[in-house]
Each structure stands twice: as C-alpha cells, then as structure tokens.
Amino acid sequence: MVQATPFLLVLSLALVAPGFSAKKCVLTGRWMNDLGSNMTIGTVNGQGDFAGSYHTAVTATTNKIRVSPLQGSQHHTSQNSQPTFGFTVNWSFSDSVTVFTGQCFVDETGKEVLKTMWLLRSRVDNIKDDWKATMVGINIFTRLHSQRE
C-alpha cells in the first residue's frame, strides 16, 4: 500500500488540476490605465477583430480632448487564456495616431490586467523634424466594473 500512495497522489492531482486552470482574460469591456485614461473595447469577432473608443486623460496639445475611435485585433485564443492584441487610436482632436500592443493577463488575485506598450506618431511640418515625431511608452490597464457587478 505504501508504494501505491505516490501513484494515487499523482493520479488525483491529474484529475483535479484541470479545475484550477487559469481564468480567461477577456478584452471586451471598459478599462482605465495608470494615467486615468478610459477605453471601451467592443465584442471581439470570430476573426479576432474589435472596435471601441478611447478617452485620454493626457495630451501634449492645447486642443480640447475628445473621445477617439480605436480599431484592433486579438490573437486567436482557442486555448490561450491570456491573449496578445494590438489596436490603433486615431485621435479625433489632433494630427496624431497611437498604436498599442500588449497582452491580457489574469494576476494572482484573479484581476484582469492589460500590459501594453505604445508608439505615438505626431505630424511634423518637414522631414528635418522627423526625429521628434514619435514617442514610446507603456501603460497598464485595469478593468472598470459597473456598479451592478
């Protein structure tokens, strides 16, 4: 019986472990980043495409900030519970475009987090100013829950 104990332990872990699989991270919904910007991502379709809106809390322009459209794509997630994705924000209030790329994670407490890196391209008047037209940064987004949740 002593030799059967390790076998039974391994067998029981193999049968129980699938129940402890990682929670799936879902892009669809409302998110806020570390700077206070908000975005809403609509339903991800069967091809992985999605659309939404982005309301930035920060800007380098003097223009009034307006909600801007976003378009993106998520890597197919047949078995992947923490998908990679990318999206573009075409700013409604400036001559700039930002592309984000990242991954959707579920942390050790079960909270969904989007870890992203971005490139913001601003229009410049001539090629001599090209050197200063692109900025790079990172943002961490957490899910905004409705009051009903």
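Everything discussed here concerns the structure shown above.
Residues numbered from 1 in each chain as written. Predicted model: local features only at pLDDT ≥ 70, side-chain atom pairs only at ≥ 80, totals over all residues. Heavy atoms only, no water.

A.B. asks: What's the story with the overall build of the protein in this structure? I'm lost.
C.D. replies: When helices and strands are counted, the protein shows one helix and eight strands. Listed N to C, the secondary structure of the protein is α-β-β-β-β-β-β-β-β in terms of helices and strands. The buried share among the 149 residues of the protein stands at 28%. Considering only contacts within the protein whose residues lie at least 6 apart along the sequence, 39% involve residues at least 24 apart. Element-wise, carbon and sulfur atoms account for 60% of the exposed surface of the protein, whose accessible area totals about 10000 Å². (Helix = DSSP H or I, 4+ residues; strand = E, 2+ residues; numbered from the N terminus. Buried < 20%, exposed > 50% of the residue type's maximum accessible area, 1.4 Å probe, protein only. Contact = heavy atoms within 4.5 Å. Areas by Shrake-Rupley, 256 points an atom, 1.4 Å probe, with all protein chains shown as cover.)

A.B. asks: What is the right way to look at the pattern of salt bridges in this model?
C.D. replies: The full count for this structure, using the stated rule, is four salt bridges. In this structure, Glu 112 engages Arg 143 in a salt bridge whose closest nitrogen and oxygen atoms are separated by 2.5 Å. Placement of Glu 112 in strand β7 (residues 112-122) and of Arg 143 in strand β8 (residues 134-144) is noted, with a sequence separation of 31 residues between them. Using a relative accessible area of 9% as the deciding quantity, one classes Glu 112 as buried. (Salt bridge = Lys/Arg side-chain N within 4 Å of Asp/Glu carboxyl O.)

A.B. asks: What is the right way to look at the pairing of strand β6 (residues 96-106) in this model?
C.D. replies: In regular strands, side chains alternate between the two faces of the sheet. What you see with β6 is a clean split: Ser 96, Thr 98, Phe 100, Gly 102, Cys 104 and Val 106 sit on the buried side and Val 97, Val 99, Thr 101, Gln 103 and Phe 105 on the side with no burial. Note: strand β5 (residues 84-90) against β6, seven bridges, orientation antiparallel. Among the inter-strand pairings, Thr 88 is bridged to a residue of β6, identified as Val 99. In this antiparallel pair of consecutive strands, β5 and β6, the connection spans five residues. For β6 and β7, the ladder comprises 11 bridges, and the chain directions are antiparallel. (Pairing = 2+ DSSP bridges.)

A.B. asks: What exactly am I supposed to notice about the state of the cysteines here?
C.D. replies: With the rule as written, the count across this model stands at one disulfide. Residue pairing for Cys 25: its cysteine sulfur links by disulfide to Cys 104, the two sulfurs lying 1.8 Å apart. Its S-S torsion of about -70 degrees marks the bond between Cys 25 and Cys 104 as left-handed, since a negative value means left-handed. On the criterion of sequence distance, the pair formed by Cys 25 in the loop between α1 (4-16) and β1 (29-33) and Cys 104 in strand β6 is long-range, its members being 79 residues apart. As far as the burial class goes, Cys 25 and Cys 104 line up, both buried. (Disulfide = S-S within 2.5 Å.)

A.B. asks: Before we go on, may I ask you to explain the side chain of Ser 96 in this structure?
C.D. replies: Looking at the element boundaries, Ser 96 is found in strand β6. A distance of 3.2 Å separates a polar atom in the side chain of Ser 96 from a polar atom in the side chain of Ser 122. Other than its neighbours up to four places away in sequence, Ser 96 contacts Val 89, Asn 90, Trp 91, Leu 120, Arg 121 and Ser 122. (Polar contact = N/O pair within 3.5 Å; in protein donor to acceptor, adjacent residues only side chain to side chain.)

A.B. asks: Looking at this structure, I do not really get the pairing of β5. What am I missing?
C.D. replies: Burial of β5 is one-sided: the residues Phe 85, Phe 87 and Val 89 facing one way are buried, the residues Thr 84, Gly 86, Thr 88 and Asn 90 facing the other way are not. Two elements, strand β4 (residues 68-74) and β5, share five bridges in a ladder whose sense is antiparallel. From the neighbouring strand, Gln 71 faces β5, where its bridge partner is Thr 88.

A.B. asks: Could you clarify how one ought to interpret a nonpolar patch on the surface in this entry?
C.D. replies: Judged by side-chain polarity, Val 97, Val 99, Met 117, Leu 119, Val 136 and Ile 138 come together as a nonpolar surface patch covering roughly 520 Å² of accessible area. Those elements that place two or more of their residues in the nonpolar patch are β6, β7 and β8. Structurally, Val 136 can be placed in strand β8. A relative accessible area of 54% places Val 136 in the exposed class. (Patch = residues over 30% accessible without salt bridge, like charges linked within 9 Å, V, L, I, M, F, W, Y side chains within 5 Å.)

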